[in-house]
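Remarks on the overall topology
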Amino acid sequence: MQKIPAVSDGKHMGFAWGPGDILVYETLHKASGSGSSFIHEVRKDEDIYSPILRKLFNESHHIFVGLQTIREDLPSKSRKPQFVSISKNYRSVIRACMEELQQVAVSTKDGEAATQYGNQVSILLAIELIWNLCEVLFIDAAPAGSLLLHLLDWVRLHKADVDEKAREVLQSDSPAEHRDYWDVVVSYVLQGRLDEARQMLMKQATLQPAARNMYKLMDTLLSKMPFFNPSGTQTLTEFDVKWRHWHEEVDRCLQDNSFASNKHLEIICKLLLGDEDILLDHKELLGTWYHFLVTRLLFCHPTVKPAELHYYAQSCMTMFLDSRSVPEPLDSILLAAFEFDIHQVIKDCSIALNNWWFVAHLTDLLDHCKLLQSHNLHFGSNLREFLLLEYASGLFTHHSLWQLAVDYFDHCPEFGRVYLELQIERVPLDTERKALKVLRICEQRQMSEQVRSICKIMAMRALRNNRLGSALSWSIRAKDAAFATLISERFLQDYCTRGTFSDLDLIDNLGPAMLLSDRLTFLGKYREFHKLYEEKRFTEAAKLLLSLMTAKIAPRSFWMTLLTDALPLLETARSWFNSIQKNQILMTLTNCSFSLHESVTEVDLQRLQKSDYFSSV
Amino acid sequence: MESINAKYVSQKISKTRWRPVSHSFLQQPDIFASGSWDNEHNKISFWSIGSHGSSAMEDGFEGEPQLLCEQKHDGDVLDLQFLDQDRIVTASSTGAVTVFRHHQNSQTISIAQHWARAHHYPCDNAPCTGVVCSSPEIVTVGEDGRIIVFRADQEGVVRVIENADSSTIHAVTYLRTTEILTVNSIGQLKLWDFRQQSNSPSQILSLSGDRVPLHCVDRHPNQQHIVATGGQDGMLCVWDVRQGNTPFSLMEAHSAEMWEVHFHPTNPDHLFTCSEDGSLLHWETSSHSEMPSFLQGGRNSSMMSRSAMAPAGGNQSLISAWLSGDCSKGRLETSHMLPSQTLSVNSLDVLQQCLVCGTDGEAIFVNRQVPV
């Protein structure tokens, strides 16, 4: 929540909603009197304007489009690894973004920016954590046995400070005497990284030759802990039996006080037995309740089944967190995931995050894995489509990222097209290049109405700036005969006022575009008549002129001009018109004089009637 | 095929151009410039792919472009060309033409020359759509149908051809030192001779049939009469400007607008095109002429066929493989250069064995092992 500086205390605030923002202004609830003259724009979603996060949107768009094209008819066995790999792709994109943000947060000198970057980093961390868990539980859907191994990987990935500490310890002069030494060893054990724990312990063992046997025993215990091998031949039951044997052996060692003289080793032994109290003693090293959960499962119940997870999860969370503290949103999301309540996860994430990116992509992926039952919302669309539409609509408000949104709308079968049709018309068209791109999008989706309206906007703009060639090119694209007629009228008007044609390069080279509208054809042919006349090819010129008169594609206002053009041809000594043609001219004249009294001048009429050839008819 | 990686740069790229290499040192291209579009604040940026640059670029995957410096640009960068080793000229959607200087030592960019509203309408801005230069001369074209000639060191305009075109001029290229060729949105190629004082083109060529807008043009590096164009329908046309009205060959290249076409500057049997449909094609023709192309003799126009068919086999010395028009005989190979479908590829540039291109997906691709 932030205080908007727009409105001073005690004043009233007016507002109007926009697609992704609000306009806010100061006002007084009185009929008269002046308020502030400023309007403020409050943006809800700052994320899409962050340059580093933009990479996230672009890269994930690429992955999204690739995901939609996975063939539906392949058996689910071969599709699962593909989905897992796509999920990992999304996660690596999140990680790359996170690392870049981290670097910038560290290197920036602006304190406020550093805080903001830091916040974004922690949000991305949380997102990746949730996504990773969803991948393990829902997409990969590991069965008992592998489930714990995946969860161990998950925890290890998100607790990187162990490695840092270990590095520090190892680089010191005497690692075994470093104050963090035992913390590192215990952390390794908590994460099930027993080989590394053993290596560390060896350093201590060399320092205490007297306790050599104790260290050897611990080493043996650690090395013998069985881990389930999913690709091996051992069944889960066999593994369980082996594990219980090992567990009993460790218990025996504890009972006969083999480690009594060394409190550290005794602690490790108790940890290996999954002693809850000792585990809770190490809350600081565990850090989070879900680490506690995984460690507890590792040392108490490694063959946990997916359906059993939520019992353990709930109890671990209760044990770990103070009874007074309220669980954070992240905690309830993770708990919902452990309960395999996908809808709850999505709902909680939608509320907690301010950008639809995460839920939209995750839901889409889960939908492809066929994990979402169609959860009908009251306006009929399903959950995946709803989230994608929300996300894409948010993208569309961005001056640049709107192009990505198009692909998202394409893959929303019910409402995507309608949304796109409404939004695409609002994209500002500053240059022809941008208009061409928007047009291409509309044409590829057969949105003919939008094509027509965009072409009309561009053509009108061109016409206003007197770019008749551009205007014509836009009307050809839209196959807009009416506009082509408008443009031809402009040309003909120009000719009437000035006596010459403008833009000859256009009219002379109309080509088949001439046929788009009658008026345009007339224009082209009329210009051709002039060219023939200039080249003194009078027979052909005469024939063309006559066909223009009789074909009735000439606008009425132009008939007199045509007749006037016929005059020189009639008045010369040589007969360019035969008698049939002369009859036709006469008919045209008659028609003309009946319908256009005002434009027929006496002088013209007399000239025509006096002309030798008419008198002889 | 060597994997070509995308570098996401948080801006839609409208133009990418290699900095020219100095032939005396036989350098590999290492620096390119890019321009953005459709951003609230557009930028021009200089990038390095070589082992040049300061030590801060040690990390990062080998060959990934590293940003050297960038500068705010007013309006979309609609065209960008290198004037010389240090200076670039940009065409802006506000109608301005600007010369930027890249200071290599301090990695900063300053404005050397700026002509605001060079292209304009009476009351509005008209985007400047194309720029071509041959130092110190700069020629620009725009949506207002003007052709303007500048000199990089002079503040004023050298020459303006008003109303050169009634439609938008999309691209311009030099044909000879005193002749330029423009393409417009009603499908015409116009030749302009600057030695003449008149404001009309010396020649107009167009396709018979539909007047499809042409968006890009490039001249064959060695044979000045051969020109390739690409247009709204994605067709690649190769023209012989001596031969008048129709192109020599028409090839279906892309399913949407072709934004740029480039002959390889040193190996012109190779041609590259990029398009709105998200693909970048590499065209390779095998010139089966018995006589090497650099030993061409004088004109022998009587034997040149006017149609788009392969001429008779005897006069092979004058025919570049591009003009044979007979691509069905397998003399023309095309290959996609980008690994998968992307958003529109707006620009490409190729120099020696390096290719750089920019897309609307806010990514730049660099390929350093183009098979030429």
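Here the structure is a predicted model, which is why all the values come from computation and not from measurement. All residue numbers here refer to positions counted from 1 along the written sequence of the relevant chain. Key to labels: chains lettered from A, ligands numbered from 1, both in the order written. Reporting of local features is limited, given that this is a predicted model, to residues whose pLDDT is at least 70; pairs of side-chain atoms are given and counted only at 80 or more, and all residues count toward the totals for whole chains, interfaces and linings. Calculated side-chain values reflect all of the structure's heavy atoms, with hydrogen atoms and water omitted.

Strands are runs of DSSP state E lasting at least two residues, helices are runs of H or I lasting at least four, and both sets are numbered from the N terminus onward. Looking only at helices and strands, one finds zero helices and 28 strands in chain B. Exposure is judged per residue with a 1.4 Å probe applied to protein chains only, and the accessible area is read against the type maximum: over 50% gives exposed, under 20% gives buried, and values in between give partly exposed. Looking at chain B as a whole, 59% of its 372 residues are labelled buried. The contact criterion used is simple: two residues touch if any of their non-hydrogen atoms lie within 4.5 Å. Looking at chain B alone, contacts between residues at least 24 apart form 50% of all its contacts between residues at least 6 apart.

Contacts between the two partners involve 40 residues from chain A, matched on the other side by 49 residues from chain B. When two components associate, each loses some accessible surface as probed by a 1.4 Å sphere; the sum of these losses over both components is called the buried area. When chain A packs against chain B, the two sides together hide about 3,800 Å² of surface, and 45% of this comes from carbon and sulfur. The largest per-residue losses of area from chain A upon contact with chain B belong to R433, K437 and R467 of chain A, which jointly make up 18% of the total buried on that side. When a carboxyl oxygen of Asp or Glu is within 4 Å of a side-chain nitrogen of Lys or Arg, the pair counts as a salt bridge. Applying the counting criterion to the chain A and chain B interface returns six salt bridges. As a salt-bridge pair, E276 of chain B and K437 of chain A come within 3.1 Å of each other at their nearest N and O atoms. Between N or O atoms, a polar contact is any pair within 3.5 Å; within protein, one atom must be a potential hydrogen donor and the other a potential acceptor, and residues adjacent in sequence are included only when both atoms are from side chains. For the pair chain A and chain B, the interface holds 31 residue pairs in polar contact (both at pLDDT 80 or more). The set of elements that each furnish at least two residues to the side of chain A that touches chain B consists of α1 (51-68), α19 (402-410), α21 (432-444), α23 (468-478) and α25 (504-507) of chain A. Top element by residues in the side of chain A that touches chain B is α1 of chain A. It accounts for eight residues.

Before going further, it helps to examine the UniProt feature "repeat: WD" (unreviewed entry) in chain B. UniProt positions are given in the numbering used here, feature names are shortened, and annotations may be inferred rather than shown by experiment. In the UniProt entry, the feature "repeat: WD" (unreviewed entry) is given for residues 207-249 and 251-293 of chain B. Taken end to end, residues 207-249 of chain B has its terminal C-alpha atoms 11 Å apart, with 0% of it in helix and 44% in strand.

Time to look at unusual backbone geometry. Residues and elements named next belong to chain B. Of note, the amide linkage connecting S135 to P136 takes the cis form, showing an omega dihedral of 0°. Relative to the helices and strands, P136 resides in the loop between β10 (128-134) and β11 (137-142). Look at D38: it is not a glycine, yet its phi comes out positive at around 65°. Residue placement: D38 occurs in the loop between β3 (31-37) and β4 (42-48). Among the residues examined, D38 registers a relative accessible area of 7% and is labelled buried.

All names here are of chain A. Summarising burial for helix α15 (residues 329-338): seven of the 10 residues are buried, a large majority. Those residues of α15 not exposed but buried are D331, I333, L334, L335, A336, A337 and F338. In this fold, the buried residues of α15 make contact with α3 (111-139), α4 (146-157), α13 (289-300), α14 (309-320) and α16 (342-352). Once α15 ends, the next one or two residues include F340, with phi positive near 60°.

On to the packing of aromatic side chains, then. Aromatic ring pairs are defined here through the distance separating the ring centres and the angle between the ring planes. Residue and element names in this part refer to chain A. For Phe, Tyr and Trp, rings pair up if their centres lie within 6.5 Å, where Trp contributes its six-membered ring, and each pair is then called stacked (planes under 30 degrees apart), edge-to-face (over 60) or tilted (otherwise). Enumeration over the complete set of coordinates arrives at 27 aromatic pairs over all chains. Centre to centre, the rings of W154 and F338 are 6.1 Å apart; their planes meet at 80°, and the pair counts as edge-to-face. Taken together, the residues W154 in helix α4 and F338 in helix α15 connect sequence positions 184 residues apart. Note on accessibility: W154 and F338 belong to one class, buried. An aromatic cluster of at least three residues, connected via ring pairs, comprises Y495, F522, Y526, F529, Y533 and F538. The cationic tip of K283 hangs over the ring face of F320; the distance from NZ or CZ to the ring centre is 5.5 Å. The criterion is that NZ of a Lys, or CZ of an Arg, lies within 6 Å of the ring centre and within 35 degrees of the ring normal, and then a charge sits over that ring.

Residues and elements named next belong to chain B. For chain B, per-residue confidence averages 83 on the pLDDT scale, and 83% of positions sit at 70 or higher. Overall, residues 52-61 carries pLDDT values under 50, and its contacts beyond four positions in sequence, including any with other chains, amount to eight contacts. Confidence drops under pLDDT 50 across residues 288-318; counting only partners more than four residues distant or on other chains, this segment forms 29 contacts. For this predicted complex, the interface score ipTM comes out at 0.87, alongside a pTM of 0.84. For every residue, the pLDDT score states the predictor's confidence, bounded by 0 at the bottom and 100 at the top.

What follows is about the sheet that holds strand β18 (residues 214-219) of chain B. Residue and element names in this part refer to chain B. Reading across the sheet, the four strands line up as β18-β19-β20-β21 and stay open at both edges, with antiparallel pairing between neighbours. Strand pairing shows two members of the sheet lacking a second neighbour, β18 and β21 (249-252), which therefore form its edges. Put simply, the sheet's adjacent strands are angled 20° from each other on average, direction ignored. Of the pairings in the sheet, the one linking strand β20 (residues 235-240) to β21 comprises four bridges and is antiparallel in character. Across the sheet, the residue bridging to L236 is M251, located in β21. A pair of strands is treated as paired once DSSP finds two or more bridges between them. In this description, a line fitted to the C-alpha atoms serves as the axis of each element, helices being fitted only across the stretch in contact, and the angle between N-to-C directions of two axes falls anywhere from 0 to 180 degrees.

Looking now at the side chain of Q188 of chain B. Following the sequence through the fold, Q188 of chain B ends up in strand β16 (residues 188-193). Judged by relative accessible area, Q188 of chain B falls into the buried class, the value being 0%. Not counting the four nearest positions on each side in its chain, Q188 of chain B is found in contact with D505 and N509 of chain A together with T182, V183, I204, L205, S206 and L214 of chain B.

Nonpolar cores are built from buried Ala, Val, Leu, Ile, Met, Phe, Trp, Tyr and Cys residues. Side-chain atoms within 4.5 Å join them into one set. Ranked by size, the top nonpolar core spans 205 residues in total, and within it W154, W289 and F338 of chain A together with L280 of chain B carry the most contacts. Counting residues per element, this core draws most heavily on α3 of chain A, at 12 residues. Apart from the residues lying within four places of it in its own chain, the contact partners of W289 of chain A are A313, C316, M317, F320, D331, L334, L335 and F338 of chain A. Counting residues in each nonpolar core, the second largest holds 15 residues, with F263, L281, W283 and W322 of chain B among its members.

Turning our attention to the environment of F365 of chain B. Tracing the backbone through its elements, the reader meets F365 of chain B in strand β28 (residues 363-367). Non-local contacts of F365 of chain B, meaning those with residues more than four positions away in its chain, are made with I4, N5, A6, L338, T342, L355, V356, C357 and T359 of chain B.

Residue and element names in this part refer to chain A. Between α16 and helix α17 (residues 357-368), the least distance of the axes is 9 Å, while the angle of their chain directions is 165°. In terms of orientation, α16 lies roughly antiparallel with respect to α17. Helix-helix and strand crossings are classified by hand; for α16 and α17 the assignment is left-handed. Here I342, I346, C349 and S350 of α16 lie close against α17, whose contacting residues are F358, V359, T363 and L366. Of the residues that constitute the contact of α16 with α17, the class distribution is six nonpolar, two polar and no charged. Every angle not falling under 35 degrees, over 145, or within 65 to 115 is termed oblique; those three ranges are roughly parallel, roughly antiparallel and roughly perpendicular. Handedness of a helix crossing follows the sense of rotation of the near helix relative to the far helix, less than a right angle counterclockwise being left-handed and clockwise being right-handed. Throughout this entry, Asp, Glu, Lys and Arg are counted as charged residues, while Ala, Val, Leu, Ile, Met, Phe, Trp, Tyr, Cys and Pro are counted as nonpolar. The remaining residues, Gly among them, count as polar.

All names here are of chain B. Pairing in this open sheet of four strands is antiparallel, and the strands run β1-β28-β27-β26 from one edge to the other. Both outer strands of the open sheet, β1 (6-8) and β26 (345-351), are each paired with one neighbouring strand and no more. Direction aside, neighbouring strands of the sheet carry axes that sit 20° apart on average. Bridging between strand β27 (residues 354-359) and β28 involves four bridges; their strand directions are antiparallel. Bridge pairing links L355 to N367 in β28.

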